[in-house]
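Close look at the chain arrangement
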Amino acid sequence: LQARPALTVIRELAADKKAVAASRLLALDAIRAMADGEAKPMLMQMVKNYDYEAPNSALREHAAGALGAVGGAETVAPLRKLITDKVLNLPMVGPSYESDSTRIACIEALQQLKATDAIKTLLSEKFLDDSSEAMRRTLAGSLTALTGIAYDYRRAVTFRSYFIESLEPDEYPPLLAE
């Protein structure tokens with residue numbers, strides 16, 4: 001027997017499509033905790049795998065979290081795509097957004113990557129209309145952390161009218177003032 005480095009074994013387990021999903025998720029969490037930059041290509045491939053079948057959504061969610069720890073500028077676009085685009089093609093339903101938990105993991109990864117501009121682009125009315133309260137809460141928290149301006153989410157009068165606004169008195173943050 002030849003001993004292999006633990007990181008190699010962890011990377012192989014995360015990429016092994018025949019492995020039990022829970023083991024793969026734990027391996028992805030280990031990659032995230034160790035900030036294993038060599039795993040970036042595998043993580044990018046997982047994030048771009050738009051297969052709707054279980055456990056792929058959970059794998060994308062954990063891979064997105066790991067990319068937040070190890071990624072760079074090249075990881076911003078695929079993470080943003082998972083948040084904003086209908087990347088899944090569900091049978092009998094058609095194009096659909098990824099799960100909220102995966103989309104939230106992508107917002108948090110963008111925050112870790114300090115991708116302020118990518119997060120600010122999520123302030124569009126269409127995105128905010130189509131997003132859940134949990135996503136808006138995460139977006140507001142990320143913007144607050146990145147810009148130093150206090151943001152909060154709130155619900156408007158109708159159930160479809162949601163938006164995020166600054167808590168700063170009598171001033172709009174630069175993006176909302178335009």
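Scope of this entry: the structure provided in the associated data block. (Residues numbered from 1 in each chain as written. Predicted model: local features only at pLDDT ≥ 70, side-chain atom pairs only at ≥ 80, totals over all residues. Heavy atoms only, no water.)

Along the protein chain, the regular secondary structure elements total 10 helices and four strands. When the elements of the protein chain are put in sequence order from the N terminus, they spell out α-α-α-α-α-β-β-α-α-α-α-β-β-α. Burial analysis of the protein chain (178 residues in total) assigns 41% to the buried set. When contacts within the protein chain are restricted to residue pairs at least 6 apart in sequence, long-range pairs at least 24 apart make up 55% of them. Summing over all exposed atoms, the protein chain offers an accessible surface of approximately 9800 Å²; the carbon and sulfur share of this is 55%. (Helix = DSSP H or I, 4+ residues; strand = E, 2+ residues; numbered from the N terminus. Buried < 20%, exposed > 50% of the residue type's maximum accessible area, 1.4 Å probe, protein only. Contact = heavy atoms within 4.5 Å. Areas by Shrake-Rupley, 256 points an atom, 1.4 Å probe, with all protein chains shown as cover.)

We now examine the packing of helix 6 (residues 100-112) against helix 9 (residues 133-147). Between helix 6 and helix 9, whose axes approach to 10 Å, the crossing angle comes to 5 degrees. The pairing of helix 6 with helix 9 is recorded here as roughly parallel in orientation. Facing Asp100, Arg103, Ile104, Ile107, Glu108 and Gln111 of helix 6, the residues of helix 9 in contact are Ala134, Met135, Thr138, Leu139, Ser142, Ala145 and Leu146. When grouped by side-chain class, the residues that make up the contact of helix 6 with helix 9 number seven nonpolar, three polar and three charged. (Axes fitted to C-alpha atoms, helices over the stretch in contact; angles between N-to-C directions. Parallel < 35°, antiparallel > 145°, perpendicular 65-115°, else oblique. Nonpolar A, V, L, I, M, F, W, Y, C, P; charged D, E, K, R; others polar.)

This next bit is on the packing of aromatic side chains. Evaluation of the coordinates by the stated rule reveals zero aromatic pairs. Above the ring of tyrosine 97, the side-chain terminus of arginine 103 is found at 4.3 Å from the ring centroid. (Phe/Tyr/Trp six-rings, centres within 6.5 Å; stacked < 30°, edge-to-face > 60°. Lys NZ or Arg CZ within 6 Å of the ring centre and 35° of its normal.)

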